[in-house]
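Chains, contacts and geometry: an overview
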Amino acid sequence: MKRNIIEHLSDRRSKRPIPYNHRKDIIANSNNCSHLTERCIDIPSSYNKIFASAWVNKDCVIVGTKCNKLLEINVQNGCKREIPLMRSPYPREVPDQSAGIHAIALNPSKSFLATGGVNVNDLALYTLPDYRPYAVGEFHQSLAVRYIMDQRLHALYRSQGW
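Report on the accompanying structure. The residue count restarts for each chain, going from 1 along the sequence in the order it is written. In view of the model being predicted, local features appear only for residues whose pLDDT reaches at least 70, and side-chain atom pairs are presented and counted only at 80 or more, with totals across whole chains, interfaces and linings using the full set of residues. The side-chain quantities take in all heavy atoms of the structure and omit both hydrogens and water.

Regarding the overall build of the protein
Selection rule: Only DSSP runs of H or I covering at least 4 residues are called helices, and only runs of E covering at least 2 are called strands; the numbering of each starts at the N terminus. Relative accessibility thresholds used throughout: buried, under 20% of the residue-type maximum; exposed, over 50%; partly exposed, between the two (1.4 Å probe, protein chains only). Should any heavy atoms of two residues lie within 4.5 Å, those residues are counted as being in contact. The accessible surface values rely on the Shrake-Rupley method and a 1.4 Å probe; as for residues, cover is taken only from the protein chains in view.
Helix and strand counts for the protein come out as two helices and ten strands. Buried residues in the protein amount to 36% of all 162 residues. Contacts in the protein between residues far apart in sequence, at least 24 positions, make up 43% of those at least 6 positions apart. When the accessible surface of the protein is totalled, it reaches about 10800 Å², and 52% of it is carbon and sulfur.

Describing the pattern of salt bridges
Put simply, the rule is: Salt bridges, as used here, are contacts in which a Lys or Arg side-chain nitrogen is within 4 Å of a carboxyl oxygen on Asp or Glu.
Evaluation of the coordinates by the stated rule reveals three salt bridges. Ionic pairing is found between Asp-59 and Lys-58, a salt bridge with its closest N-O pair at 3.5 Å. Across the pair Arg-132 and Asp-130 runs a salt bridge whose closest N-O atoms are separated by 2.8 Å. Residue classification places Arg-132 among the exposed residues on the basis of a relative accessible area of 52%.

Structural notes on the side chain of Ser-88
Here Ser-88 shows up in the loop between β4 (80-83) and β5 (104-106). When sequence neighbours within four positions are dropped, the list of residues in contact with Ser-88 reads Asp-122 and Val-136.

What about the sheet that holds strand β6 (residues 112-116)?
Note the following rule: Being paired, for any two strands, means DSSP has found at least two bridges between them. Helix axes are fitted only over the stretch in contact, all axes being lines through C-alpha atoms; the angle between N-to-C directions runs from 0 to 180 degrees.
With respect to topology, four strands assemble into an open sheet ordered β5-β6-β7-β8, the strand pairing being antiparallel. One side of each edge strand has no neighbouring strand; the edge strands of this open sheet are β5 and β8 (132-138). On average, adjacent strands in this sheet sit at an angle of 20° to one another, irrespective of strand direction. Judged from the six bridges that link them, strand β7 (residues 122-127) and β8 form a sheet pairing that is antiparallel. Counterpart to Thr-127 in the pairing with β8 is Arg-132.

Regarding the sheet that holds strand β3 (residues 70-74)
Within a sheet, neighbouring strands are paired by backbone hydrogen bonds and run either parallel or antiparallel to one another. Strands sit in the order β1-β2-β3-β4 across an open sheet of four strands; the sheet is antiparallel. Taken across any chain shown, the strands that pair with only one partner, and hence form the sheet edges, are β1 (50-55) and β4. With strand direction ignored, the average angle separating the axes of adjacent strands in the sheet is 25°. One ladder, built from five bridges, connects β1 with strand β2 (residues 60-65); its direction is antiparallel. For Ala-52, the partnering residue across the bridge sits in β2 and is Gly-64.

Quick look at the packing of aromatic side chains
Defined as follows: Geometry of aromatic contacts follows a simple scheme: Phe, Tyr and Trp rings, the Trp one being its six-membered ring, pair when their centres are within 6.5 Å, and the pair is stacked under 30 degrees between planes, edge-to-face over 60, tilted otherwise. Any Lys NZ or Arg CZ that is within 6 Å of a ring centre and within 35 degrees of that ring's normal is treated as a charge sitting over the ring.
A complete count under the given rule lists one aromatic pair for this structure. Over the face of the ring belonging to Tyr-47 we find Lys-69, whose NZ or CZ atom lies 5.2 Å from the ring centre.

Quick look at unusual backbone geometry
Cis peptide bonds are those with omega within 30 degrees of zero, and the linkage from Leu-128 to Pro-129 qualifies with 10°. Inspection of the secondary structure assignment puts Pro-129 in the loop between β7 and β8. The phi torsion at Lys-49 lies on the positive side, around 40°, for a residue other than glycine. Tracing the sequence through the fold places Lys-49 in the loop between α2 (20-29) and β1.

Brief notes about the environment of Leu-113
Following the sequence through the fold, Leu-113 ends up in strand β6. Taking the relative accessible area as the measure of exposure, Leu-113 reaches 0% and is therefore buried. In the structure, Leu-113 is positioned 51 residues away from Ile-62 in sequence and 9.7 Å away in space, judged by C-alpha atoms. For Leu-113, the contacting residues outside a window of four places in its chain are Ile-62, Leu-70, Ile-104, Ala-105, Leu-106, Ala-124, Leu-125, Tyr-126, Leu-128, Tyr-131 and Tyr-147.

Things to note about the environment of Cys-60
Positionally, Cys-60 belongs in strand β2. For the pair Cys-60 and Gln-76, spaced 16 residues apart in sequence, the C-alpha separation works out to 8.0 Å. The residues contacting Cys-60, other than those within four sequence positions of it, are Ala-54, Trp-55, Glu-72, Ile-73 and Asn-74.

Here it is in structure tokens:
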């Protein structure tokens, strides 16, 4: 029975013993795991800590930072572009200290992206692949965002008393 390296790592995590006759197959197949190689990408020092990320497509990842910036990074050629954050049309106080972007989610069809906005209490929706602003809503700071269906978004928010 041939097994790949991913199955081997899963077994190691669950601490299931691997029969001796399978070990040779695992070693032989371990050369096929190029998708697990690490490669460094330079990010400008003006960006502070990456809090959230999501793959937009096979080449691009979008990251949210502690300094409240949204950045698309092409991992193939290293190109980076900053995505302007959406601002709520309703005037209200913006906190002095931003807590950063803690959540990024793409819907299953990858036509929408949900994340934070200029105000830490905003939830912004962008259309993909061009990141056009679609909608912004006022909530409390979002800590996690997930699409459960293509048009249904759930979010976990920090309560005001926290």
